[in-house]
Every structure is written in C-alpha cells, then in structure tokens.
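Per-entry structural report
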Amino acid sequence: MQISVKVNGTERTADVEPRLLLVHLVRDTFGLTGTHEGCDTTSCGACTVLLDGTPVKSCTLFGVQADGREVTTVEGLAAGGELDPVQVAFKEEHGLQCGFCTPGMMLVGKALLERNADPSDDDVRWAISGNICRCTGYVNIVNAIRHAARIKAGATEPATV
Amino acid sequence: MPTETEEIRGLGHRVKRKEDDRFIRGKGTYIDDIKLPGMLHMAILRSPYAHATITGIDTSKAQALPGVVAVVTGELMAQHNLAWMPTLSGDTQAVLVTDKVRFQGQEVAAVIAEDLYTAKDALELIGVEYEPIEPIVTPQRAMEPNAPVIRTDKEGQDSNHIYHWESGDKDATDKAFAEADRVVALDTFYPRSHPAPVETCGCVADINPATGQATIYMTSQAPHAIRTVFALVAGLPEEKIRIVSPDIGGGFGNKVPVYPGYVVATAASLLIGRPVKWIEDRTENLISTGFARDFHMHGEMALKDDGTRSWPTKGRSMPTHSPRSSRWGCSTSSPAPTTCRLLTSPRTARTRTRRRAAWPIAARSGSLRPPT
Ligand code: FES
Ligand code: FES
C-alpha cells in the first residue's frame, strides 16, 4: 500500500505491506531507530511516538494507520538543532540510565506539558503509567518532566548540557 | 573537544554522563539498531510443552516459503556437533532439541529468512510431533523416587538431584544443637524474579567465510566470557572471535549467559555466509532466559537461654526454579557458589559461628539456575 506520512515535519512516502507495524515503518523503512521495541504487546511504552501530538504505542498500530497523519519521534524533539526542554531536563535530572525507555518517556512528557504546563508528581506518574523503566526507579523521570515544565515556563535557566 | 573539570566530591556528587547526549537524541546504538549489508533475520520455534519427546519435525513447508533461506533443527546442529554446548559453570545445555524437550519454551527449530515477518510466518509452517511426558512443576515432586528424570542426557543420572553443597564445621554445629536450650526454625520461600530488561536479548552474527573471522554484536554484559564459550563451542581460537557489546538496554544479569539463539545465529551465518540477526521477543525473554531466586529454604538456630553462647546455625534449603521459564533446560548456568552467598544468611545476620548448609536442588521442567 502506498502511504504518505509527515515524519518529524518532513513528508515521507512508502509502499508497505498492510500488516507492517508502525514501529517497523519508523525504524526500518524510515531508519529512525531512536524509537525502540521492548515488548511488541503494548506493555512497555518503549515504542511510543506522537501521532498528531498524542502519544501512541507504535507496536500496536499498523504503519498504514499513520497515512495522512503526522508522526513525531525522539529524533524530532530537537527540531532545528535545539534540544527540547524535556531532553535538557532528562539529562540534568538524570532521568535515564540505559536510555532504552527514554525516547518514549520524553515523548510522553512532552505531550503532557502541552496539555498541562505545571503537572504535579501524580499528574506525571499518571502520564507515564504506560511506560516501563527497569533502570531508574522512576523518581528521576518524574523530577525530569517537572523540571522540563519549569524550563519551559522560564522559571529556571537550563544548565549547560 | 573541551574537557570538563569538575570537583569530585564523592557519594551523591552529580556527574554528567557522556552517553546521555546520544540517548536523549535517539542516537544510541542498541542491538536491533545494527544493520549489516546482506543481513538475514532469524526467528525461533519454541516448545509449548515443558517435557516431551520429539518424534518428528517436518520443515518442508517452511523451507518452501519464498524468502526463507534456511530452517535449522537440532538434527542439523548435531551434524556439525553443535546440538549441545557448554555453560559458563561447566554444565551442558541444548542448543536445539535433539532428543526431548526439558522446559516450556525450549528452542526446537529456527528459521532464517530475508526479513523478520517471513521468518515468523515460516515458524507456523513447521510441523513438530511431540509426545508429552509428565512435567515436573515443583521441586518436591522432582525429588520423589518415581519422578521422571529430566537430565536423561547425563550418563548415570538416575534422579533429579543434581547438586549438593556443604560448608562450615558439621561436628561443632551438631554439638551446639545438641546442647541448645531451644531451637527455632523457619521455612520460607523466596520467589522467582526475572530481570526483564526493557531491551530483550539479541545478536547480529557476522562470520566472514573467507577469513573465518567471527564478529558477533550482542547485548552482552560479559563479552569476554562469551568469547571464551564461543571459542569452546566453535573450536576457534579466541583471536578469531570478536564480541561487540553496543549500547545495552538494561541487563541486570539477564545478559550474562550464552543463549542458544546466539549459537544458532552464528552457525547460520557461518553456513550461509551472510550476517544473521536474532532479536528475541518479550515472551521469549520471559520464558527462556535467565531468572533468579525461587528458593524453598529451611533454617534453624540453636539458642541458649542465658545468652552465653553465640548462635550456631544450621540450614537446609532447596533452591529451585519453577517450571516455565528457563533457558538452561535444567542446566546450571552460573557458578554454584553464588547460591551459597545468598543462602548462608547467618553471615548477613551477623551470627558469626559455624554453619552447615546442604540443599538438594531438584531438576525440573524449567531449568535450574543458581541466582546471580
Ligand atoms: S514495544 Fe510497544 S509497548 Fe512495548
Ligand atoms: S533507563 Fe533503562 S529502562 Fe529506563
């Protein structure tokens, strides 16, 4: 099937099997390997991308379902070369260790901050409840997303990263 | 490149990690991100039974599927003397089943194809005839005299008792117990856990047929130990083998052992002359790779009412693993003394005296693996 998807701001086309998963469209067809696959059963959230701004698990959608829509992956976060506040905050607050869950966590964080500029710990924990991290214990991920909110609001200067 | 000089202040001091820059940009290189020219994809067929004899495997339909390059069975591996391999702790482990299945999820066959979807389609076309044998799901059942023996591959193995270890001063401990005013005892169970790193295990095996040089990219926490095992299995000198551990998406001990998938992918790459990638899925990771704990333990302490004596302790424990997930098909993968460290708890309880510990480990339809 012929599809056309706007990926990180760029229009891309591909001829794909209808059963090709969105995660494989992103990783293999488009070569954006920052999106990871941890379970392919909607459990871990490592494959999270934004579909028209909403976090989705790309292992549980077909690539063809993204036809005519907009997909944002971790590679699209630093649009124009400048890091997104969530990226800065994850580094500053040590919100990652192995980094495998991190793209999904950051994208969920970004989507949350679009809707809620000043989330509480509980808001953040609810938002990342579909994403598993086996390394960090979550505390620093929550701190990082709240720190990103402060950076975005200009309430704090991001330290040099 | 500017060098950062930071005052180091010990525990709690924040350090900026070098790797974060690529991780936050999605520029890490994990095992599944590695793509080599001409690379093939492998998928593994696993047994739905915990204990069963295999009476026949029909791979013809799978072989005929367009895009399938090879279907590998235990028989083929045996022709190359690769159906079994040594483990890091001196045991042996089946690579692909030749005689019988010893745990649920054991590797029965593998398909190598041009792409992953084709490889997985082909798995469904392999016909396997199983004759189920009674599965053993508790260590207690495993130790009963009439229980079916799991490790029939081992010469002279006529029961499921495979391990016995004692340390400490037996006579002094017995004496302390004989003289005790009271003895307290505890039976407890330490449940199984699985490390479950978010990135599952996998490898890309690339054997150069011209030079015999083997490069294996692998989610490994122990590349050097793995190189040694590969040298033993393949009969190659270590300098011909290069194990590359790229960025690793969590390990927690799960990525120390050598798993059959690595060996099959490597053998396939050698025979076909193209790189072969194998990435396990989450179900495979949970049912067939290394886990920990699952101990049934019994401990006793001998006490004096007046508190004049220290606390000789005697313990008997049965570290066991439950039936469904294990890689080793009842093989021991890591060195047994690690078990002792956990089980001789008197040391951690600071009762520093003699201790005696002996525990049978029962082989079961899930394998045994002392904890890491
Ligand atoms: S890979 Fe999609 S949720 Fe785990
Ligand atoms: S940082 Fe390793 S899984 Fe989250």
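A few points about the overall build of chain B
Assigned secondary structure in chain B consists of 10 helices and 16 strands. A buried classification covers 52% of the 372 residues belonging to chain B. Contacts in chain B between residues far apart in sequence, at least 24 positions, make up 80% of those at least 6 positions apart. Element-wise, carbon and sulfur atoms account for 54% of the exposed surface of chain B, whose accessible area totals about 17100 Å².

Describing the sheet that holds strand β1 (residues 2–7) of chain A
Pairing between the strands of a sheet comes from backbone hydrogen bonds, and it takes one of two forms, parallel or antiparallel. All names here are of chain A. A sheet is described by the order of its strands in space; here five strands give the open sequence β2-β1-β5-β3-β4, paired in mixed fashion. The sheet is open, and its two edges are formed by β2 (10–15) and β4 (54–57), each paired on a single side. With direction set aside, neighbouring strand axes in the sheet form an average angle of 40°. Examined bridge by bridge, strand β3 (residues 48–51) and strand β5 (residues 70–72) share two bridges and lie antiparallel to one another. Paired with Leu50 across the strands is Thr72, a residue of β5. Contacting β3, β4 and β5, helix α3 (residues 102–115) runs over the sheet at an angle of about 35° to β3.

Observations regarding the interface of chain B and chain A
On the chain A side, the residues contacting the 29 residues of chain B number 35 residues. Of the roughly 2600 Å² buried between chain B and chain A on both sides combined, carbon and sulfur atoms contribute 52%. Looking only at chain B, the three residues that lose the most surface to chain A are Ile24, Tyr117 and Val198 of chain B, adding up to 28% of its buried area. Between the two partners, chain B and chain A, sit four salt bridges. A salt bridge links Arg19 of chain A to Asp121 of chain B; the nearest nitrogen and oxygen atoms lie 2.8 Å apart. At the boundary of chain B and chain A, one finds 14 residue pairs in polar contact (both at pLDDT 80 or more). Looking at the side of chain B that touches chain A, the elements with two or more residues in it are α1 (20–23) and α4 (116–123) of chain B. Sorting elements by how many residues they give to the side of chain B that touches chain A places α1 of chain B first, with three residues. Considered class by class, the residues forming the side of chain B that touches chain A number 10 nonpolar, five polar and 14 charged.

A word on the sheet that holds strand β8 (residues 127–132) of chain B
In spatial order, the strands read β6-β2-β8 (chain B); together these three strands make up an open sheet with antiparallel pairing. Two strands lie at the open edges of the sheet, namely β6 (100–101) and β8 of chain B, each paired on one side alone.

Topic: the pairing of strand β13 (residues 276–279) of chain B
All names here are of chain B. Two elements, strand β1 (residues 40–46) and β13, share three bridges in a ladder whose sense is parallel. For Leu40, the partnering residue across the bridge sits in β13 and is Val276. Bridging between strand β10 (residues 202–207) and β13 involves four bridges; their strand directions are antiparallel. For Ala205, the partnering residue across the bridge sits in β13 and is Val276.

Concerning the layout of surface pockets
In this model, the largest pocket occupies a volume close to 1200 Å³. What lines the largest pocket is a set of 45 residues, and nearest its centre among them are His24 and Glu37 of chain A together with Leu116, Tyr117 and Lys120 of chain B. Within the residue set of the lining of the largest pocket, elements represented by two or more residues are α1 (22–29) of chain A together with β1, α4, β13 and α9 (282–288) of chain B. Of the residues forming the lining of the largest pocket, the biggest block, six residues, is contributed by β1 of chain B.

So, unusual backbone geometry
Leaving glycine out, the prevailing phi sign among residues is negative, and the prevailing peptide bond configuration is trans. Residue and element names in this part refer to chain A. Phi at Asn8 takes a positive value of approximately 50°, unusual for a residue other than glycine. One non-glycine residue, His94, adopts positive backbone phi at about 55°. If you trace the backbone, His94 turns up in the loop between α2 (85–92) and α3. Judged by relative accessible area, His94 falls into the partly exposed class, the value being 36%.

Examining the pattern of salt bridges
Close approach of charged atoms allows side chains with opposite charge to pair. Residues and elements named next belong to chain B. Scanning the entire structure with this criterion turns up 30 salt bridges over all chains. Between Arg22 and Asp247 there is a salt bridge, and its shortest N-O distance comes to 2.6 Å. Of this pair, Arg22 sits in helix α1 while Asp247 is found in the loop between β12 (241–244) and α8 (260–272), placing the two residues 225 residues apart along the sequence. Here Asp247 falls in the buried class, since its relative accessible area comes to 12%.

Basis of the calculations
- Residues numbered from 1 in each chain as written.
- Chains lettered and ligands numbered in written order.
- Predicted model: local features only at pLDDT ≥ 70, side-chain atom pairs only at ≥ 80, totals over all residues.
- Heavy atoms only, no water.
- Helix = DSSP H or I, 4+ residues; strand = E, 2+ residues; numbered from the N terminus.
- Buried < 20%, exposed > 50% of the residue type's maximum accessible area, 1.4 Å probe, protein only.
- Contact = heavy atoms within 4.5 Å.
- Areas by Shrake-Rupley, 256 points an atom, 1.4 Å probe, with all protein chains shown as cover.
- Pairing = 2+ DSSP bridges.
- Axes fitted to C-alpha atoms, helices over the stretch in contact; angles between N-to-C directions.
- Buried area = accessible area lost by both parts, 1.4 Å probe.
- Salt bridge = Lys/Arg side-chain N within 4 Å of Asp/Glu carboxyl O.
- Polar contact = N/O pair within 3.5 Å; in protein donor to acceptor, adjacent residues only side chain to side chain.
- Nonpolar A, V, L, I, M, F, W, Y, C, P; charged D, E, K, R; others polar.
- 1 Å grid on protein atoms, 1.4 Å probe; cavity = no way out; pocket = protein on both sides within 12 Å on 5 of 7 lines; lining within 4 Å.
- Points joined across faces, edges and corners; volume = space filled by probe spheres on them.

That's the geometry; what it means functionally is another story.
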